[in-house]
Amino acid sequence: MLLLHRYVGLVLAPLLVVIGLTGSISVFRVELDRMINPDFFVTAHESAALPLGRIVETIRSRHPGQTLIAVDYRPAPHGTIHAYLSPATDKAGRTLPDEFFLDPSDAKELGSRVAEGCCLARRVLIPFIYRVHYSLAAGPTGLWIVGITALVWSLDCLNGILLTLPPVTPPWRRGFWPGWKKAWLIARPRSASRLFFDIHRAFGLWLWILLLGMAVSGVALSLGPQIFQPVVRTFFPMAAPVPPVPSPNGAHRLSLDEAESRAYGFVVAHGVTARPAALLLGTAPESAMFYLFSDDDSFPAGFGSPMITVDRETGAIIQSEFPPHGRLGDMILQFQDPFHSGRLAGLAGRILVCFSGVVTSLLSITGILIWQRKRRARLEAARKVMSRQAPDPDRAPPNHTPCAQPNKPGRV
């Protein structure tokens, strides 16, 4: 178990340092992006005045060669509208901007950028750091690498806590808890090696539940459809799919403003008072998914916001989620994103998740230092043993008597 923990840690350490530090930054990526690019996120106008349909038509008319994917259209006071279009290139092969920032009073474009731009330029710095966090900025391959890293890290967290337990005394004996208490403490260091070891073990125990949860939720967010969701559906009960809710006025085509009213009326009937603030557009069938119901353009604490999908061709509600809802398997799936982002516990949760990223990096670095110092000590001890066993060519071996020289024959 110790060898497994050691070498798994050495392999994962570089990845965990990068993922941990970029994750700590990504927890507050919206606030940091606004601080770095205030002209993209701040306007002089206090509130939005344009209907959703007009905003969408204005964006589409300005960029006919790109498909509108999503729009965050009801910003907080003095905020801006964010629109996301499909990636595209011009005739010269240059990548066109696909993220736009608009004034909510007249839909005037305030700026734009390539959403997956690279790398350290001010405009794209925070989105790039976030992309490094969840995919190492390597696309689908990076998603797999991050997901497998999180999966192995989850198993190593279980191995790591077992290694901290007293090696002989079982938990039901009186001496178990006093013996385990030492693992939770950072003693007065007698050497740097001892300090690194205590920090590595104690910090890992103090935040073990949080670190294990971050690892498991990392698997869920990176490889959800491939690994996490099939496992949850196999071992935990899931609620039956909710049937579509037809329009009370009969099947007929809806404009975007009518679809917004339909979604808002549906959530009000379920006890939600906030208006929809973000839209994801779909095709085949043409649909509008309202995924953020918020009065201040921020995701609420807890399990998050309802998600309501309206079929614009018929006016039916074809998907509705009010987290937390459903059976145990449904709630496990709904739990992952709020937990990983820290939104589950509001600002305090985000701060704690930010701290966990720093601790993950600290555990990886101290693990390398512990291994390096132990390896150096083993090599030094081996050299001393070899030096004691090696014969000295200038010194006669013990208990050795030189042979008498034979008599040389005399001359005739």
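Looking up the chain in an unreviewed UniProt entry gives the name Iron-regulated membrane protein, with the organism given as Asaia krungthepensis NRIC 0535.

Some details on the overall build of the chain
On a plain count of helices and strands, the chain comes out with 13 helices and eight strands. Relative to its length of 412 residues, the chain is extended, with a C-alpha radius of gyration of 31 Å against a globular reference of 22 Å. Seen through its principal axes, the chain has C-alpha atoms that stretch 135 × 65 × 40 Å. Among the 412 residues that make up the chain, the fraction classed as buried is 40%.

Considerations on the sheet that holds strand S8 (residues 317-321)
Taking strand neighbours across the sheet as the criterion, the eight strands line up as S4-S3-S2-S1-S5-S6-S7-S8 in an open arrangement whose pairing is antiparallel. Among the strands making up the open sheet, the edge pair consists of strand S4 (109-113) and S8. Strand-to-strand, the axes of this sheet are offset by a mean angle of 15°, without reference to chain direction. In this structure, strand S1 (residues 68-72) lies alongside strand S2 (residues 81-85), joined through four bridges in antiparallel fashion.

Examining the UniProt feature "transmembrane region" (unreviewed entry) in the chain
Here, UniProt's "transmembrane region" (unreviewed entry) annotation points to residues 7-28, 143-165, 203-228 and 347-371. With 100% helix and 0% strand, the stretch residues 347-371 has end C-alpha atoms that lie 37 Å from each other.

Considerations on helix H11 (residues 256-268)
Relative to the 18 Å expected for 13 residues at 1.5 Å per residue, H11 spans 18 Å between its end C-alpha atoms, a close match to the ideal helical length. Residues of H11 that are buried include every one of Leu 256, Ala 259, Glu 260, Arg 262, Ala 263, Phe 266 and Val 267, and no others. Along H11, the residues classed as buried sweep out an arc of 160° about the axis, all on the same side.

Points about the state of the cysteines
Tallying each qualifying case throughout the model produces one disulfide. Across the disulfide, Cys 118 is cross-linked to Cys 119 (sulfur-sulfur distance 1.4 Å). For Cys 118, a relative accessible area of 54% gives the class exposed. Looking at the unpaired Cys 157, the closest cysteine sulfur is the one in Cys 354, lying at 18 Å. We classify Cys 157 as buried; its relative accessible area is 9%.

Brief notes about a nonpolar patch on the surface
Together, Met 1, Leu 2, Leu 162 and Leu 163 make up a nonpolar patch on the protein surface, roughly 380 Å² of accessible area in all. Mapped onto the fold, Leu 162 is located in helix H6 (residues 139-164). When its relative accessible area of 47% is taken as the criterion, Leu 162 is described as partly exposed.

Some thoughts on the pattern of salt bridges
As enumerated under the stated definition, the model contains 13 salt bridges in all. Across the pair Arg 343 and Asp 337 runs a salt bridge whose closest N-O atoms are separated by 2.8 Å. Among the charged side chains, a network of salt bridges with common partners joins Asp 33, Glu 99 and Arg 113.

Topic: the side chain of Asp 33
Tracing the backbone through its elements, the reader meets Asp 33 in helix H2 (residues 29-36). Residue Asp 33 is classed as buried on the basis of its relative accessible area of 6%. Ignoring anything within four residues of it in the chain, the contact list for Asp 33 reads Phe 41, Arg 113, Ile 126 and Pro 127.

Some points on the nonpolar core
Counting 31 residues, the largest nonpolar core has Val 71, Leu 279, Phe 290 and Ile 308 as its most contacted members. If you list the elements that add at least two residues to this core, you get helix H4 (52-62), S1, S2, strand S3 (99-102), H11, strand S5 (276-282), strand S6 (287-293) and strand S7 (307-311). Ranked by the residues each element gives to this core, the list is headed by H11, at five residues. If you look at the next biggest cluster of nonpolar residues, it comprises 24 residues, including Leu 12, Trp 180, Ala 215 and Leu 363.

Some thoughts on the pairing of S1
Taking burial as the measure, the five residues of S1 include four buried ones, the bulk of the element. Note that S1 and S5 share three bridges and pair antiparallel. From the neighbouring strand, Val 71 faces S5, where its bridge partner is Leu 279.

Regarding the packing of helix H1 (residues 2-26) against helix H13 (residues 346-389)
Direction vectors running N to C along H1 and H13 enclose 150°, while the axes themselves pass 8 Å from each other. Relative to H13, the element H1 is oriented roughly antiparallel. In the crossing of H1 with H13, the sense of the turn from one axis to the other is left-handed. Within the contact between the two elements, H1 uses Arg 6, Leu 10, Ala 13, Leu 16, Val 17, Gly 20, Leu 21 and Ser 24 and H13 uses Cys 354, Gly 357, Val 358, Thr 360, Ser 361, Ser 364, Ile 365, Ile 368, Trp 371 and Arg 378.

Describing the packing of aromatic side chains
Evaluated as defined, the whole model comprises eleven aromatic pairs. Pairwise contacts between aromatic rings join Phe 176, Trp 177, Trp 180 and Trp 184 into one cluster. In this structure, Arg 29 is placed above the aromatic ring of Tyr 130, and the distance from its NZ or CZ to the ring centre is 3.9 Å. A cation sits over an aromatic face here: Arg 275 above Tyr 264, 4.3 Å from the ring centre.

Some words on the side chain of Ser 247
Mapped onto the secondary structure, Ser 247 falls in the loop between helix H10 (224-235) and H11. A relative accessible area of 12% places Ser 247 in the buried class. The residues contacting Ser 247, other than those within four sequence positions of it, are His 252, Arg 262, Thr 314, Gly 315 and Ala 316.

Some thoughts on the environment of Pro 140
Mapped onto the secondary structure, Pro 140 falls in helix H6. Overall, Pro 140 belongs to the exposed group, its relative accessible area being 64%.

Thresholds applied
Residues numbered from 1 in each chain as written. Predicted model: local features only at pLDDT ≥ 70, side-chain atom pairs only at ≥ 80, totals over all residues. Heavy atoms only, no water. Helix = DSSP H or I, 4+ residues; strand = E, 2+ residues; numbered from the N terminus. Rg over C-alpha atoms; globule rule 2.2 N^0.38 Å. Buried < 20%, exposed > 50% of the residue type's maximum accessible area, 1.4 Å probe, protein only. Pairing = 2+ DSSP bridges. Axes fitted to C-alpha atoms, helices over the stretch in contact; angles between N-to-C directions. UniProt positions renumbered as here; feature names shortened; annotations may be inferred. Expected span 1.5 Å × (residues − 1). Arc of directions from axis to C-beta. Disulfide = S-S within 2.5 Å. Patch = residues over 30% accessible without salt bridge, like charges linked within 9 Å, V, L, I, M, F, W, Y side chains within 5 Å. Areas by Shrake-Rupley, 256 points an atom, 1.4 Å probe, with all protein chains shown as cover. Salt bridge = Lys/Arg side-chain N within 4 Å of Asp/Glu carboxyl O. Contact = heavy atoms within 4.5 Å. Core = buried A, V, L, I, M, F, W, Y, C linked by side-chain atoms within 4.5 Å. Parallel < 35°, antiparallel > 145°, perpendicular 65-115°, else oblique. Left-handed = near helix turned anticlockwise from the far one by under 90°. Phe/Tyr/Trp six-rings, centres within 6.5 Å; stacked < 30°, edge-to-face > 60°. Lys NZ or Arg CZ within 6 Å of the ring centre and 35° of its normal.

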